[in-house]
Amino acid sequence: MSAAATPPPGGVPGRTPPAPTSTAAAPAHPQRALWPDDKAKKRERIVDVLWELQQQRGFLDDEAIRIAGRECDLTPHEVDEVATFYNLLLRKPAGRIPIFVCDSISCELNGAAALMASLARVLGIAPGEVTADGRFGLLPIVCLGHCDKAPCLLAGERVLGPCATDDDDVRNLVKEIGDAAGAARGTR
Amino acid sequence: MPPVLLAARADAGHAATLASYRDAGGYRALDTALRQRTPEELIQQVKDSGLRGRGGAGFPSGAKWGFMLAPEGRDGGGRYLVCNADEMEPGTFKDRVILEQNPHVLIEGMAIASYAMSMTDAFIFVRREYFEQTRRLEAALAEARDAKLLGANILGTEFSLDIHVHRSGGRYICGEETALLNAFEGRRANPRAKPPYPAVSGLWGRPTTVHNVETLACVPGVVEHGAAWFKGLAKNPEGAGTKLYGGSGAVEHPQLIERPIGTTLRELLGEMGGVKGGRKLLGVIPGGASTAFITPEHLDTPMDFDPLVKVGTRLGTGTFIVLSENDCPVKATLNLQRFFARESCGFCTPCRDGLPYGVDLLARLERGEAQREDLDRIDHLFQIIGPNSFCALAAGAAEPVKGLYAHFRDILEAHVTGRGCPFGREPAELAHA
Ligand SMILES: Cc1cc2nc3c(=O)[nH]c(=O)nc-3n(C[C@H](O)[C@H](O)[C@H](O)COP(=O)(O)O)c2cc1C
Ligand code: SF4
Ligand code: FES
């Protein structure tokens, strides 16, 4: 790295500051509302609204789609185009605590398949299923952006990793996930 | 090298506060920009700095800002800056670290960019999986508003701006800038036809610029210390700035580090403890899932846009994935293709139908059910998917296959002659998808 990398003290020398900028170049919008109109603002919120409904109901049933439509001023069809598109929006029950296991490249190279297999054994379900008590669901998901923590998973609002993949470690992990979810909901 | 993007280091467990960001020189550039520079001057400075987009394509940022000088779309209606924090390309985790450690550098960069392009409003599109990161970002935005660094009449000038965070639902295609705009508006996130480009018709049909998190985070440094300084940060003559380099996969200490752009893979990998378990290096995917493999002979290539193109790959996101001698590149490519097939938005047929066919052929090769003709079939398929598809997702999917054929012919052949993967049998994998 050359000495040029060090910023000169006091900024760039030899610069004569121009006059303060004109208002024509940068019109002020102190009262702007960010959205062009109310309809656009409502529609922009659709994923947030669906996410909240999913937190309350566990998954997005048809009634949730209708409620979201009323809230965002959309037809159920328009809502479903969005609801069926995203990895985190669930149109089917996936347990009160869905566990999303990353199976993309960096996690696969670090034991994602073993993690998924161990979770399946510990929970007694296959990926895509829900435990008999309806508590846990197990789902694969694509890269969680935590490849430095591979293998990792998403549970509640936390990405956990790197996860050990022996059944004993995974049993403790599942307990920890369950306890944290219980604490977050103020139940149990 | 003094870190630039991650200068105000966070303490463990939380992001740099406004106070610590300011202690490291933060928000001086915004003050300079608003009080001493015209938008035209700032755009020229970004052009001179050589800054190129960090979202994957490496488009010159100054040229992109220049598109916004057009007289059209200056009618008092919205003009929007959208920060792309979707970050879903496998192997990529760099923007996350900016949000986690130094969100103010992004906010400052967005405010300067908005002023330079005469934007009325700015938005950040972030994947929902970044729960903790979004909390830190929102906290930083609240700090900035309280300190009059955002809102009406920023720092007592005529310039006003607010930044609103939009949280997505998790889908790779939303990172493609026109799909992102549809997602943002609350529509199904299929890409849009280009032209018109977002600079002409973007968010809600208004002039829009979409930038990656890291690109915007480079802006305060350019403005505070100048274009020449920014260029001088690079290790190679054609480069500019620093780069967030991430290493994952078969790496001893996977992590993200900020280094001068043009640092070699040998140096970066060395700093991360080398290949996991001291094993031999087989190959590297240099910049996320849609870049082509390189091999140990390329270890001394500068990790920068042009030098990597010369060796048949791309810098992409600069977050590299390492394969050791124990990792089968066919299996790795199969994993990447499963990703692309799952994340295809389904809008156009070559991608929607072609990618699953590619997955099927590669899986047969891994299992030992492929014939010799299938090798050509795979090669041909991935050559025609990209140019016949509607957006760049499918062309990106073809890149790792291109690298596989360029460097690992012998391993491909061995899968046919040896009736399956020669890399030792894996424990029976769960079929999930
Ligand atoms: C399928 C696909 C996914 C993409 N995902 C992202 C992403 O997550 N983040 C990003 O900044 N750019 C992504 N891009 C690139 C964007 O379309 C766009 O080029 C970029 O945000 C521009 O920012 P830059 O000029 O700062 O690089 C993606 C492109 C494609 C085709
Ligand atoms: S190439 Fe794939 S992701 Fe892009 S529009 Fe076509 S189907 Fe959608
Ligand atoms: S590959 Fe699993 S988090 Fe990126």
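Note that the coordinates shown come from a computational prediction; the quantities given were computed from them, not determined experimentally. Counting starts from 1 at the beginning of each chain's written sequence and moves along it residue by residue. Chains carry letters and ligands carry numbers; both start at the beginning, A for chains and 1 for ligands, and go up in the order they are written. Per-residue local features of the predicted model are confined to residues with pLDDT of at least 70, and side-chain atom pairs are confined, for both listing and counting, to 80 or more; whole-chain, interface and lining totals are unaffected and use all residues. As a rule here, side-chain values come from all non-hydrogen atoms in the structure, and water together with hydrogens is ignored.

Regarding its fold elements, chain B presents 17 helices and eight strands. Summarising its shape, the C-alpha atoms of chain B cover approximately 75 × 45 × 35 Å along the three principal directions. Between buried and exposed lies partly exposed: a residue is buried under 20% and exposed over 50% of the maximum accessible area for its type, with that area taken using a 1.4 Å probe on protein chains only. Classification of the 433 residues of chain B by burial places 64% in the buried group. Contact between two residues is taken to exist if any of their heavy atoms lie within 4.5 Å; hydrogens are not considered. Counting contacts in chain B only where the partners sit at least 6 residues apart, residues at least 24 apart contribute 71% of the total. Counting only carbon and sulfur atoms, one obtains 52% of the accessible surface of chain B, whose full area is about 14500 Å². Charged residues are defined here as Lys and Arg on the positive side and Asp and Glu on the negative side; His and the ends of the chain fall outside this count. A charge is said to be at NZ when it belongs to Lys, at CZ for Arg, at CG for Asp and at CD for Glu. In chain B, 48 positive and 52 negative side-chain charges are present, and the distance between their average locations comes to 2 Å. Helical segments are the DSSP runs of H or I of at least four residues, strand segments are the runs of E of at least two, and each set is numbered from the N terminus. The Shrake-Rupley method, run with a 1.4 Å probe sphere, supplies the accessible areas, and residue values consider only the shown protein chains as cover.

Residue and element names in this part refer to chain B. Whether a residue is near a molecule or strand depends on its heavy atoms: it is near if one of them lies within 4 Å of it. The environment of ligand 1 is made up of 18 residues, and the closest members are Gly 55, Lys 64, His 211, Asn 212 and Thr 215. N or O atoms closer than or at 3.5 Å make up a polar contact, with two conditions inside protein: a donor-capable atom paired with an acceptor-capable one, and, for residues adjacent in sequence, both atoms drawn from side chains. One nitrogen or oxygen atom from the main chain of Gly 55 is found 2.8 Å from an oxygen atom belonging to ligand 1. Interatomic distance of 2.7 Å between a side-chain N/O atom of Thr 215 and an oxygen atom of ligand 1. In isolation ligand 1 exposes 610 Å². Once the protein is present, 89% of that is buried. Secondary-structure elements contributing two or more residues to the shell around ligand 1 are β4 (208-212) and α16 (392-407). Broken down by element, the residue count for the shell around ligand 1 peaks at three residues, all from β4. When residues are sorted by character, Ala, Val, Leu, Ile, Met, Phe, Trp, Tyr, Cys and Pro go into the nonpolar class, Asp, Glu, Lys and Arg into the charged class, and all the rest, Gly among them, into the polar class. Looking at the shell around ligand 1 residue by residue, the class counts come to five nonpolar, seven polar and six charged.

Before going further, it helps to examine the sheet that holds strand β8 (residues 319-324) of chain B. Paired through backbone hydrogen bonds, the strands of a sheet run either parallel or antiparallel to each other. Residues and elements named next belong to chain B. Pairing within the open sheet is mixed, and its four strands lie in the order β6-β5-β8-β7. Only two strands of the sheet have a single neighbouring strand rather than two, namely β6 (255-260) and β7 (281-285). The mean inter-strand angle of the sheet, taken between neighbouring strand axes irrespective of direction, is 30°. A pair of strands is treated as paired once DSSP finds two or more bridges between them. For β7 and β8, the ladder comprises four bridges, and the chain directions are antiparallel. Within β8, the residue paired with Val 284 across the bridge is Val 322. Between N-to-C directions, angles span 0 to 180 degrees; the directions come from axes that are lines fitted to C-alpha atoms, helices contributing only their stretch in contact.

Our focus in this paragraph is the confidence of the model for chain B. Residues and elements named next belong to chain B. Predictor confidence is given residue by residue as pLDDT, running from a minimum of 0 to a maximum of 100. Here chain B averages 95 in pLDDT, while 96% of its residues score no lower than 70. Counting interchain partners and residues more than four positions distant, the pLDDT-below-50 stretch residues 426-433 has twelve contacts. Reported confidences for the modelled complex are a pTM of 0.93 and an ipTM of 0.95.

Right, let's talk about the interface of chain A and chain B for a bit. The interface of chain A with chain B comprises 64 residues on the first partner and 87 residues on the second. Where chain A abuts chain B, roughly 6200 Å² becomes buried across the two surfaces, and 58% of that area is made up of carbon and sulfur atoms. One side-chain nitrogen of Lys or Arg within 4 Å of one carboxyl oxygen of Asp or Glu is enough to make a salt bridge. One can count four salt bridges joining chain A with chain B. Close ionic contact of Asp148(A) with Arg96(B) constitutes a salt bridge, the shortest N to O distance being 2.9 Å. By buried area we mean the combined loss of accessible area, with a 1.4 Å probe, across both parts when two parts are placed together.

Next up on the list: the packing of helix α3 (residues 39-49) of chain B against helix α6 (residues 103-116) of chain B. All names here are of chain B. At their nearest, the axes of α3 and α6 sit 8 Å apart, and the two run at 120° to each other. As far as their axial angle goes, α6 and α3 are oblique. Together, Pro 39, Leu 42 and Ile 43 of α3 and Ile 112, Tyr 115 and Ala 116 of α6 make up the contact between the two elements. When grouped by side-chain class, the residues that make up the contact of α3 with α6 number six nonpolar, no polar and no charged. Convention used here: angles under 35 degrees read as roughly parallel, angles over 145 as roughly antiparallel, angles from 65 to 115 as roughly perpendicular, and any remaining angle as oblique.

Next up on the list: empty space enclosed by the protein. In the cavity and pocket records, a cavity denotes points on a 1 Å grid over the protein atoms alone where a 1.4 Å probe fits but cannot get out, a pocket denotes an open set with protein on both sides within 12 Å along at least 5 of 7 lines, and lining residues are residues with an atom within 4 Å of a point. Grid points are joined across faces, edges and corners, and a volume is the space filled by probe spheres set on the points. Applying the stated criterion to the full structure yields two cavities of 30 Å³ or more. As for the largest cavity, its lining consists of 13 residues, and the residues nearest its centre are Cys345(B), Phe347(B), Cys348(B), Cys351(B) and Cys391(B). Partitioning the lining of the largest cavity into residue classes produces ten nonpolar, three polar and no charged. Size it by volume and the second largest cavity reaches roughly 40 Å³. Every residue along the wall of the second largest cavity is listed here: Cys102(A), Ser104(A), Ile105(A), Ser106(A), Cys107(A), Cys143(A), Leu144(A), Gly145(A), His146(A), Cys147(A), Pro90(B) and Gly91(B). Its residues assigned to classes, the lining of the second largest cavity shows seven nonpolar, five polar and no charged.

This brings us to the nonpolar core. Across soluble globular proteins, nonpolar side chains have a tendency to be buried as a group. Joining through side-chain atoms within 4.5 Å is the link that ties buried Ala, Val, Leu, Ile, Met, Phe, Trp, Tyr and Cys residues into a set, and such a set is a nonpolar core. Formed by 96 residues in total, the largest nonpolar core has its most connected members in Ile46(A), Leu50(A), Tyr86(A), Phe340(B) and Phe382(B). Leaving out residues up to four positions away in the same chain, Tyr86(A) has contacts with Val47(A), Ser168(B), Gly169(B), Gly170(B), Arg171(B), Cys174(B), Ala183(B) and Ala189(B). Within the second largest apolar cluster, 65 residues are counted, among which are Leu81(B), Phe93(B), Ile124(B) and Leu155(B).

Taken residue by residue, chain A gives an average pLDDT of 86. The fraction at 70 or more is 81%. Contacts from residues 1-30 of chain A, a stretch scored under 50 in pLDDT, to residues over four places away or in other chains number 46 contacts.

With that settled, consider the site of ligand 2. All names here are of chain B. Contacts to ligand 2 come from Ile 173, Pro 191, Ser 344, Cys 345, Gly 346, Phe 347, Cys 348, Cys 351, Ser 389, Phe 390, Cys 391 and Leu 393. Here the criterion for a molecule occupying a pocket or cavity is that more than half of its atoms lie within 2 Å of the pocket grid points. More than half of the atoms of ligand 2 fall within 2 Å of the grid points belonging to the largest cavity. Its residues assigned to classes, the shell around ligand 2 shows nine nonpolar, three polar and no charged.

Below, the discussion takes up the state of the cysteines. Our working definition of a disulfide is a cysteine sulfur pair at a distance within 2.5 Å. Counted under the stated rule, the structure contains zero disulfides over all chains. Counting only cysteine sulfurs, Cys174(B) is the nearest neighbor of Cys72(A), a cysteine outside any disulfide, at a range of 16 Å.

As enumerated under the stated definition, the model contains 43 salt bridges over all chains in all. Where Lys39(A) meets Asp73(A), a salt bridge forms, and the shortest distance between an N and an O atom there is 3.9 Å. Within this pair, whereas Lys39(A) is found in helix α1 (residues 38-44), its partner Asp73(A) is found in the loop between α3 (62-72) and α4 (76-83), the two being separated by 34 residues in sequence. Taking relative accessible area as the criterion, Asp73(A) reaches 40% and is therefore assigned partly exposed. Here Glu100(B) makes a salt bridge to Arg96(B), at a shortest N to O gap of 2.8 Å. Placement of both Glu100(B) and Arg96(B) in helix α5 (residues 94-101) is noted, with a separation of four residues, approximately one turn of the helix. Arg96(B) gets classed as buried once you look at its relative accessible area, which sits at 1%. The network of salt bridges with common partners includes Asp148(A), Lys149(A), Arg96(B) and Glu100(B).

All names here are of chain B. Taken across its five residues, β4 has five buried, putting it largely inside the fold. Relative to β4, strand β1 (residues 80-85) is paired through five bridges, and the arrangement is parallel. Looking at the pairing, Asn 84 lines up with Asn 212 of β4.

Between Gly161(A) and the following residue, Pro162(A), the backbone shows a cis peptide bond with an omega angle of -5°. Of note, Pro162(A) is situated in the loop between β4 (158-160) and α7 (167-185). In this structure, the amide linkage connecting Lys194(B) to the following residue, Pro195(B), adopts the cis form with an omega of -10°. As for its position among the elements, Pro195(B) is in the loop between α8 (177-184) and β4. One non-glycine residue with positive phi stands out, namely Glu87(B), at about 35°. Within the element layout of this structure, Glu87(B) appears in the loop between β1 and α5.

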